[in-house]
Amino acid sequence: MFSDVGGLEILTLIVMAIIIFGPDKLPKLIQDTMGFIRKIRSFADNAKEDIRSELGPDFKDFEFEDLNPKTFVRKQLMGGQEDPLGLKEMKDSLDIRSVLDDKPAAPVNGRNGSVSFEKSAPAAASTGAPLAPGERPPFDPDAT
């Protein structure tokens, strides 16, 4: 809740509280605030217990944190298993070290890892006959 509040901000709030409320009223104000927070927490805990008791025995392991969309999706995808989608295997198969060390990577789909930037002749369409040198591929204005 207060993870992004630094020490200087807290010190400023304390000094402002002392100036606004005075050192004699500040302890009473802190006590009242803490009592209010305790009442709110007990109210929330009682409400959770009432909801659990009303849902019945089928939902005895129901957790309200599961209503968070991120937690819900993670729980549904993982389903109590370690890695049902094989994401860990996929991550392990990626060879990042070879990319970072500029080593040639393993062949992918029968190709080696080298890349050529030289201009080459345009490839012929996969369904038609190969083109003769200098011949332009057919153009279809409806296809573009």
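What counts as what
- Residues numbered from 1 in each chain as written.
- Predicted model: local features only at pLDDT ≥ 70, side-chain atom pairs only at ≥ 80, totals over all residues.
- Heavy atoms only, no water.
- Helix = DSSP H or I, 4+ residues; strand = E, 2+ residues; numbered from the N terminus.
- Buried < 20%, exposed > 50% of the residue type's maximum accessible area, 1.4 Å probe, protein only.
- Areas by Shrake-Rupley, 256 points an atom, 1.4 Å probe, with all protein chains shown as cover.
- Expected span 1.5 Å × (residues − 1).
- Patch = residues over 30% accessible without salt bridge, like charges linked within 9 Å, V, L, I, M, F, W, Y side chains within 5 Å.
- Salt bridge = Lys/Arg side-chain N within 4 Å of Asp/Glu carboxyl O.

Draft legend 1. Inspection of the overall build of the protein at higher detail. What the protein contains, in helices and strands, is five helices and zero strands. Secondary structure elements in the protein, listed N-terminal to C-terminal, are α-α-α-α-α. Scored against the burial criterion, the 144 residues of the protein give a buried share of 4%. As displayed, the protein has an accessible area near 14000 Å², and 61% of this comes from carbon and sulfur atoms.

Draft legend 2. Quick look at helix H2 (residues 26-55). For H2, with 30 residues, the first-to-last C-alpha span of 44 Å sits near the 44 Å given by 1.5 Å per residue. Among the residues trailing H2, Gly56 stands out with phi positive, at a value near 100°.

Draft legend 3. Structural view of a nonpolar patch on the surface. A cluster of nonpolar side chains, namely Leu8, Leu11, Val15, Met16, Ile19, Ile20, Phe21 and Leu29, defines an oily patch on the protein surface of about 800 Å² accessible area. It is helix H1 (residues 7-21) that provides the largest number of residues to the nonpolar patch, a total of seven residues. Take Val15: it is sitting in helix H1. On the accessibility criterion, Val15 (41% relative accessible area) is partly exposed.

Draft legend 4. The arrangement of the pattern of salt bridges in detail. As enumerated under the stated definition, the model contains two salt bridges in all. Across the salt bridge formed by Asp32 and Lys28, the nearest N and O atoms sit 3.2 Å from each other. Separated by four residues within a single helix, Asp32 and Lys28 lie in helix H2, roughly one turn from each other. With relative accessibility at 42%, the residue Asp32 sits in the partly exposed group. For the salt bridge of Glu49 with Arg52, the shortest nitrogen-to-oxygen distance reads 3.3 Å. Here the residue Glu49 and the residue Arg52 both occupy positions in helix H2, the gap between them amounting to three residues, near one helical turn.

Geometric descriptors of this kind do not, in isolation, establish any biological role.
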